[in-house]
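Each chain, written out:
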Amino acid sequence: MAKLTIDDLKKIKEKVHSEMALREGDRRVKITVHMGTCGIASGAREVMDTLLTEIEAAQVTDVFVTTSGCMGLCSREPLVTVEILNQDPIKYEYMNPNKMRQVFKRHVLEGEIQTPFVLAKGAEKTK
Amino acid sequence: MKIFRSHILLCGGTGCQASGSLTVKKALLQELDKKHLADEIKVVETGCNGFCALGPIMVVYPEGIIYISVKAADIPELVEEHLIKGRVLGRLLYHEPSTDKVIPTMQDIPFFALQELRVLRNRGLIDPEKLEEYIARDGYAGMAKALTEMKPEEIVSEVLNSGLRGRGGAGFPTGLKWKFAAQSKSDIKYVLCNADEGDPGAFMDRSVLEADPHSVLEGMVIAAKAIGSKQGYIYCRAEYPLAIHRLNIAIGQAKEAGLLGKNILGTGFDFDLEIYQGAGAFVCGEETALMTSIEGKRGMPRPRPPFPAVAGLWQKPSILNNVETLANVGQIILRGAKWYASVGTEKSKGTKVFALTGDVNNVGLVEVPMGTSLGTIVYDIGGGIPKEKKFKAAQLGGPSGGMIPIQHLNAPIDYEKVVELGAIMGSGGLIVMNEDKCAVDMARFFMDFCQDESCGKCTPCREGTKRMLDILTNITKGKGKEGDIELLEEMAGVIKNAALCGLGQTAPNPVLSTIRYFRNEYEDHIRNHRCRATVCSALFKSPCQHTCPIEMDIPSYIALVRAGRFEDAYKILLQTNPFPSVCGRVCDHKCQTKCRRGNMDEPLAIKFLKRFITDNAPRPKVDPVPVTRKEKVAVVGAGPSGLTAARDLALRGYKVVVFEELPFAGGMLRWGIPAYRLPRNILDGEIDTIKALGIEIKLNTRVGRDISFANIEKDFDFIYLACGAHKSQKMNVPGEDLKNVYGGVEFLRDFNANEEKWLKGEKQLGKKVAVVGGGNSAIDAARVALRLGADVTILYRRLRQDMPAAEEEIKAAEDEGIKIEYLVAPLRIEGTKGKVSSVSCQRMKLGDYDNSGRKKPVAVAGSEFTLNIDTIIAAIGQVPDMSFVDAASKIEVKRDCLVVGNVYKSRTRNIRYFAGGDAVTGPDTVIAAIAAGHQAADDIDTSIRKANGEPAYEKPAEEKIDVPLVIDEETVEAPQMPMPEMESALRKAGFAEVELGFTKEDAMKEACRCLRCDAEL
Amino acid sequence: MKAEDSELLKEFTTEQVAKLDEIIKKHKSKPGGLIPVLEEAQIALEYLPISVQKKIAAGLNLPLSRVYGVVTFYSFFTMTPRGKHTVRVCLGTACYVRGGKAIADTLKKEFGIEEGETTPDRMFTLETVRCLGACGLGPVIVVDEEVHGRVKPSKVKEILAQYT
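None of these values were measured; they are calculated from a predicted model.

Caption draft 1: The packing of helix H2 (residues 14-27) of chain C against helix H4 (residues 50-60) of chain C, seen in detail. Residue and element names in this part refer to chain C. Running from N to C, H2 and H4 cross one another at 35 degrees; their axes reach a closest spacing of 10 Å. For the pair H2 and H4, the crossing hand works out as right-handed. Along the contact surface, H2 presents Val17, Leu20, Asp21, Ile24 and His27, while H4 presents Val52, Lys55, Ile56, Gly59 and Leu60.

The structure is reproduced here in structure tokens:
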């Protein structure tokens, strides 16, 4: 490593901080990629990879990605749920890398729900 | 920049490594590879996360789910469930010990939630071997500010204003130390970091060095600028290899990045530092000894002045700060003195890290604001004491510190308060001790430590600690003498004043502090050769026998059960206890709390084995004892205490008559304890054996009413008052005089006296019954009411764990369908037509700690509510009824109890009257009453013989019973044999005994679990 | 090889002696170098008999008495050969209150030696230490560098078996 200056310190802080932001708690958006056996078989893995690349490229730190198991709607996999803080979660069906990119850019970053891909709005009821 | 969807932070501190975290990490990396997740999930090995007892600890972000005690074998399931399917793996989550609730996220676990992290702010959150991660969390920003924007004087005054005091022990203001060194004129000055964390039980410095080493380096550079130093040393003990390893990495990184060495951050400031490894000497934690050690000599302290700020290492001005102090500095400079001083107390600012260890559920590192109460640390953060043991004291400040006992749980912990209580802050080692720790033995342990670590340079410390250790060792071996305590105090004073360094001056602290709070334990060791904690094994044969108030020979009768010799076992029981089948059922069995087997799995079922013997062997026959003595003794009260005294006196040849007010003998055993716990024929059997010795019991005879004291004094030479405590305490609420308001013991006595009427319905409680209280008699009253067909609710003002009733009784009540409302107290009883109709209650919450270590209930305003009831039973405690005592008799009564101790333990001020049992102590246990009876009989006999000039009583030789010694080679863990019980549905139907007793096989198997602590090999 | 090393070579290999020379050379010019030399020498030679101390004294130009004084002062240094494995029982306060004493007794019984001694087969050296900072896991024993936590007397045999 080259000798650091005060400016370098600030730069490192900004860069690494966003990388570590994941460990600090509240996020604006939570995206769940449903990755049961069926999801993975129908391409959830590629959707996940795309999503991570998009987040990286956009340099956003307020989005966190998580996975969950099969939703029971195997025929509509891959499924992705986008949940913006204080809004109803939106479930997207038949996702692929292209759709994922579109949902990320338009819905996650700009707040515009991508209606053609939407499966359902709101959370499932649980007892 | 690489984005990962999840970060897994795995603790790699010494504690977690010892529990196997490196194997877990390896397994995790392999599994992630296998499942092709390595690009999505990042694994970070962090430093100590503080929750060492439950390691290895793993935290999964972004959810913040914390997994505890993770094993390599858990990894495939964990990856599959959490990382692929997104489901939390329940079985590895944390269970809160007091409530048994599962808590998945770190911030919700009280251990973490109640802490305020400043020094430890990066713990478990960054990879300590990555400089960038430290920088990302504001690392080196304070240093940058100090080097570019501040003059040395400004740094010194910022630290001074923050109120930061040395965290190594003495609490000297850090800014002041720096100021003196800054003022010293010299080309060469040194900044030293004391990482020779020698206090046993303290590990916060190790943790900081392992989890956040750069924070210490940053603090040192700032200190260097403040005093004008170019060279520093970190003196770290060799016992911390991981800390040294991480420090080396951090120093290497900092040098490479220009954060150490020449021209730091391009500002022109130079500072270099080196690690110096200690070689194992506690005294080197002392300032001047540490410097001597770096100079390559024996680490002995040197006299001050000159102070190190003037002439320290190599005679140059030096400052020495401890790791925790230095780790605070970067933040103080960055965020300002005001921010730092915003928490804490008036004279102790900021936070303090405590190493919480010993007998506490959540062992680990705890950082809290100065002034946090001891109770909060031990109970709320620490989760309380394991195995439902009682808190005894906390040792604060290591071997130089002192104990803070139970009555000071509310004490706000800061430098001043701690000193006032006789301890020191030290480096913050906080060792919790439960009731099984002996104060004298702990003092001996600490003195042994100090004696061993004394460097030998000055005589008071070298010789004084040795002499004090000798005295303490003697006391623990039963060779203590009167005057030893005073001698210890005197020597402690001399050493404190005359020793050269901190080690010697503070070495007597644990002795002084234990004498201050536990003087009676010292006296018990010296005078009675008793160690109530059953630690000092030279004083007793076995812990169970030593704990029993009448010292029953427990190991022998258990060995005889194992051998199948039940009749012999019965004889052993009767040697000390006239009521073995009663005690086999209702004794509070303190013996079991000290059973050594309990440290391994569970204590022996001593009580149940005792019952087994009396249920399964014929009762040894008793013949009348001829009266051989002329003195006659009257006993007032036919309870366990009175009958025991009568029996002992009859065996010694005295004529004894027992006077009993009620129509049957047995006292509280008959009138207070219901038949489903103690069948009447069992009790009668024991009483008949006592009567068979030739003792007369006059029933229905109240002394002072049916027979005058004058008459008794005429007919008898001595009188033993054992009239018990049969009057319920009042609740002192309005409406207590209404009909259907009972006292607990009054209700039980009424029921037992008029059982037939109650069962026929001639006497009735009504449908709904409320019982107030949490002791055994509250539970007894509730279970009787239930059997009479009532719907019963117990109202208790604290929590379940605070109930004085035995756990098995509470559980039985719950099983039978009794509802218990906690944190509720009655306010007033309302009635119609002179009869109870409802009770108004209010909710309570728990406030500060009381002297018993329980939280005091405090009323919650506006929480009133009403319960409709037909009967209320107040069982909140009993007092003796002393209305029969004649004022002219000179017998002293204090707070409703008889006063004794006139030369003899059981004698009243009137030398013809002795007293014992509940009448003296207030409500206590059966076994305590029996012990009091033994004591009184011995006192009466001894006082007679002394007055007559006769020789002391000699017990006739007892039949010799050979006790076999069979010990298993291997001890296999096995829980206590459970007591078979009647089904709870059947119990409500009547008053048959609930506990059914062991079978022969059960009993013999259980007896084999005895470890035979009594054996001398 | 120099003549004065002959005494050393009775107990140590040529490589060990050469390593000792190297250590002395490394710290020779530094003030306060004695303790680091002793620490490194003990790692290389396992123990520090008088012959080694003499060589270090000569190498650092210090009186032998000074070297001897330091070796005997610090508990880290030993003058007798050690077992293949070192078993250290922690008797720090936290371990003591959690039963460290019983563990120490079990080990003494198991080995048939006292604290500070080495088994006749030179497999194990038994030591007690004051706090290893792993208080969360008390009682603790350390075999070589490996920490074993929550040790029970009944588990001692099992742990030792891993090292024989």
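Moving on, there is more to tell.
Caption draft 2: Structural view of helix H8 (residues 174-183) of chain B. Turning to H8(B), its buried residues number three or more, namely Thr174(B), Gly175(B), Trp178(B) and Ala181(B). Along the axis of H8(B), the buried residues cluster in a sector spanning 125 degrees; they form a single face.

Caption draft 3: Layout of the packing of aromatic side chains. Counted by the stated rule, this structure contains 29 aromatic pairs over all chains. With centroids separated by 5.9 Å and ring planes inclined at 90 degrees, the aromatic side chains of Phe659(B) and Phe716(B) adopt a geometry described as edge-to-face. Of the two residues, Phe659(B) sits in strand E18 (residues 655-659) while Phe716(B) sits in the loop between helix H32 (709-715) and strand E20 (718-721), which places them 57 residues apart along the sequence. Judged on exposure class, the residue Phe659(B) and its partner Phe716(B) are both buried. Positioned above the aromatic ring of Phe117(A), the side-chain terminus of Lys99(A) is 5.2 Å from the ring centre. Residue placement shows Arg787(B) over the ring face of Tyr676(B); its charged tip is 3.9 Å from the ring centre.

Caption draft 4: Focus on the pattern of salt bridges. Residue and element names in this part refer to chain B. Applying the stated criterion across every chain, the model contains 99 salt bridges over all chains. As a salt-bridge pair, Arg527 and Glu482 come within 2.8 Å of each other at their nearest N and O atoms. With a gap of 45 residues between them, Arg527 in helix H21 (residues 509-528) and Glu482 in the loop between helix H18 (459-476) and helix H19 (484-498) connect regions that are remote in the sequence. As a salt-bridge pair, Lys819 and Asp791 come within 2.5 Å of each other at their nearest N and O atoms. Of this pair, Lys819 sits in strand E25 (residues 819-821) while Asp791 sits in strand E24 (residues 791-795), and the two are 28 residues apart along the sequence. Through salt bridges with shared partners, one network takes in Arg677, Asp780, Arg783, Arg787, Glu809, Glu816, Glu981 and Arg987.

Caption draft 5: Fine view of the sheet that holds E20(B). Residue and element names in this part refer to chain B. Read across the sheet, five strands follow the order E19-E18-E17-E20-E34 without closing on themselves; strand pairing throughout is parallel. Among the strands making up the open sheet, the edge pair consists of strand E19 (696-698) and strand E34 (913-915). Strand-to-strand, the axes of this sheet are offset by a mean angle of 20 degrees, without reference to chain direction. In this sheet, E18 lies alongside strand E17 (residues 632-636) in parallel orientation, the contact comprising five bridges. Across the sheet, residue Val635 finds its bridge partner in E18, namely Val658.

Caption draft 6: Up close: unusual backbone geometry. All names here are of chain B. Each neighbour pair has its own omega, and for Arg304 with Pro305 the value is -5 degrees, a cis peptide bond. Of the consecutive residues Pro305 and Pro306, the connecting peptide bond is found in the cis state with omega at 5 degrees. Turning to its location among the elements, Pro306 is positioned in the loop between helix H12 (287-294) and strand E11 (318-322). Its identity as a non-glycine residue notwithstanding, His36 has a phi of 55 degrees, on the positive side. Looking at where His36 falls in the secondary structure, it is placed in the loop between helix H2 (21-34) and strand E2 (41-46). Of note, the phi angle at Trp314 is positive, near 50 degrees, even though the residue is not glycine. Relative to the elements of secondary structure, Trp314 occurs in the loop between H12 and E11.

Caption draft 7: Representation of the interface of chain B and chain C in the model. Opposite the 57 residues of chain B that make contact, chain C presents 36 residues. Between chain B and chain C the total buried area reaches about 3,500 Å² when both faces are included, carbon and sulfur atoms providing 57% of it. For chain B, the biggest contributors to the area lost against chain C are Ala279(B), Arg298(B) and Phe445(B); these three give 16% of the whole. Counting the contacts that link chain B with chain C gives 10 residue pairs in polar contact (both at pLDDT 80 or more). Those elements that place two or more of their residues in the side of chain B that touches chain C are helix H1 (14-18), strand E8 (231-237), strand E10 (269-278), H12, strand E12 (351-358), strand E16 (429-434) and helix H17 (439-453) of chain B. In terms of residue count, the dominant contributor to the side of chain B that touches chain C is H17(B) (nine residues). Partitioned by chemical class, the residues of the side of chain B that touches chain C number 29 nonpolar, 11 polar and 17 charged.

Caption draft 8: Spotlight on helix H31 (residues 680-691) of chain B. All names here are of chain B. The first and last C-alpha atoms of H31 sit 16 Å apart over 12 residues, in line with the 16 Å expected at 1.5 Å per residue. Along H31, the residues that are buried comprise Arg680, Ile682, Leu683, Glu686, Ile687, Thr689 and Ile690. Elements that come into contact with the buried residues of H31 comprise helix H24 (566-576), helix H25 (580-586), helix H29 (640-651), helix H30 (668-671), E19 and helix H33 (744-753).

How each quantity is defined
- Residues numbered from 1 in each chain as written.
- Chains lettered and ligands numbered in written order.
- Predicted model: local features only at pLDDT ≥ 70, side-chain atom pairs only at ≥ 80, totals over all residues.
- Heavy atoms only, no water.
- Axes fitted to C-alpha atoms, helices over the stretch in contact; angles between N-to-C directions.
- Helix = DSSP H or I, 4+ residues; strand = E, 2+ residues; numbered from the N terminus.
- Left-handed = near helix turned anticlockwise from the far one by under 90°.
- Contact = heavy atoms within 4.5 Å.
- Buried < 20%, exposed > 50% of the residue type's maximum accessible area, 1.4 Å probe, protein only.
- Arc of directions from axis to C-beta.
- Phe/Tyr/Trp six-rings, centres within 6.5 Å; stacked < 30°, edge-to-face > 60°.
- Lys NZ or Arg CZ within 6 Å of the ring centre and 35° of its normal.
- Salt bridge = Lys/Arg side-chain N within 4 Å of Asp/Glu carboxyl O.
- Pairing = 2+ DSSP bridges.
- Buried area = accessible area lost by both parts, 1.4 Å probe.
- Polar contact = N/O pair within 3.5 Å; in protein donor to acceptor, adjacent residues only side chain to side chain.
- Nonpolar A, V, L, I, M, F, W, Y, C, P; charged D, E, K, R; others polar.
- Expected span 1.5 Å × (residues − 1).

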